[in-house]
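Below, each chain spelled out in residue letters.
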Amino acid sequence: MVTVLQSSLIQVMVGAVRKACKGVARDFGEITELQVSKKGPGDFVTAADKRVEAALKEELLRVRPGYGFLGEESGEVIGTDKTHRWIVDPIDGTTNFMHGIPHFACTIALERENEIVAGVTFNPVTNDLYWAEKGKGAYHNDRRLRVSGRKTLDDALIGTGLPFIGKAGHAQALKELHQIMQRTVGIRRNGAASLDLAWVAAGQLDAFWERGLKPWDMAAGLLFIHEAGGKFGSIDNDERSPLLTGDLICGNLELYPLLLEKLHLAK
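- An unreviewed UniProt entry lists the protein chain under the name Inositol-1-monophosphatase, with Asticcacaulis taihuensis as the source organism.
- Per UniProt, the protein chain has the following entry under Sequence similarities (unreviewed entry): "Belongs to the inositol monophosphatase superfamily."
- Taken verbatim from the UniProt record of the protein chain, the Catalytic activity (unreviewed entry) comment is "a myo-inositol phosphate + H2O = myo-inositol + phosphate".

So this is what it looks like as structure tokens:
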């Protein structure tokens, strides 16, 4: 396999995420020993979650001291450089993590003048590293990513996220599932949007939709999909960025409009 040369920016991001996640695999192996605090019904945060974000913030702001920072746990820090902002989810898929399921990731994106220009998503247990830079392609480790070539929903495997306890939108989700389930090979609800979007970019999932996402859930993944030849948008307003609406649909160019049509039928 040909080794892909990473830019200095990607090297900084990969270095930060690997450094911050050094202890996560150990924590995952000792899951029953973790101290857990509850931050909302069905939405847990571990000591590891907080520690990873603190380490990411320290490292990223050390190498780019003027940049802003938006993290799931610590909120937003306004930088002196108003044109750049890091967007970070220390552990996306916390519920999987808490239940001993090795499907979660640390994800970082860099936003420049309101556009995502670089992204890294890393699963520290499986050592799967996804990364992309604007105009330079998306990669899984050293392998270039391309969205799938499937052209009909009948052949498609679709990913989604569903609201859990304490979250709104259950009735709408059931309507959408009803529309999609009967027209596809299958639906997967894996519990970590950052990895779902990486899988769409890799062609493992043909498309994906979810409502109620946060910017840190999807910022890196949106760049992966774009650089892998796919398309993304907001479900109810295709002209607004999912980073603003929180509602995301994505897939290859053929399936995107077909899935969007079915979702609109569920309104």
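More follows now that the structure is in view.
Focus: the pattern of salt bridges
- Taken as a whole and judged by the stated rule, the model has 14 salt bridges.
- A salt bridge links Glu133 to Lys136; the nearest nitrogen and oxygen atoms lie 3.7 Å apart.
- On the basis of relative accessible area, Lys136 is assigned to the partly exposed category, the value being 46%.
- Salt-bridge contacts for Glu254 lead to Lys151; the nearest nitrogen and oxygen are separated by 3.7 Å. Placement of Glu254 in the loop between β15 (248-251) and α9 (255-265) and of Lys151 in the loop between β10 (143-144) and β11 (157-160) is noted, with a sequence separation of 103 residues between them.
- The exposure class of Glu254 is partly exposed, given its relative accessible area of 33%.
- For Lys151, a relative accessible area of 54% puts it in the exposed group.
- Salt bridges sharing partners connect three or more residues here, namely Glu176, Arg211, Asp236, Asp247 and Lys267.

A look at the domain arrangement of the protein chain
- Under the domain assignment, the protein chain is made up of domain 1 (8-144) and domain 2 (157-266).
- When each unit is reduced to the centre of its C-alpha atoms, the spacing between domain 1 and domain 2 is 21 Å.
- On the domain 2 side, the residues contacting the 36 residues of domain 1 number 24 residues.
- Buried area between domain 1 and domain 2, summed over both chains or domains, comes out near 2,200 Å², and the portion from carbon and sulfur atoms is 67%.
- At the boundary of domain 1 and domain 2, one finds zero salt bridges.
- The interface formed by domain 1 and domain 2 includes seven residue pairs in polar contact (both at pLDDT 80 or more).
- Of all elements in the fold, only β3 (67-71), β5 (81-92), β6 (105-112), β7 (115-123), β8 (128-133) and β10 reach the threshold of two or more residues within the side of domain 1 that touches domain 2.

About the cut-offs
Residues numbered from 1 in each chain as written. Predicted model: local features only at pLDDT ≥ 70, side-chain atom pairs only at ≥ 80, totals over all residues. Heavy atoms only, no water. UniProt positions renumbered as here; feature names shortened; annotations may be inferred. Salt bridge = Lys/Arg side-chain N within 4 Å of Asp/Glu carboxyl O. Buried < 20%, exposed > 50% of the residue type's maximum accessible area, 1.4 Å probe, protein only. Helix = DSSP H or I, 4+ residues; strand = E, 2+ residues; numbered from the N terminus. Domains from an automatic or database assignment. Contact = heavy atoms within 4.5 Å. Buried area = accessible area lost by both parts, 1.4 Å probe. Polar contact = N/O pair within 3.5 Å; in protein donor to acceptor, adjacent residues only side chain to side chain.

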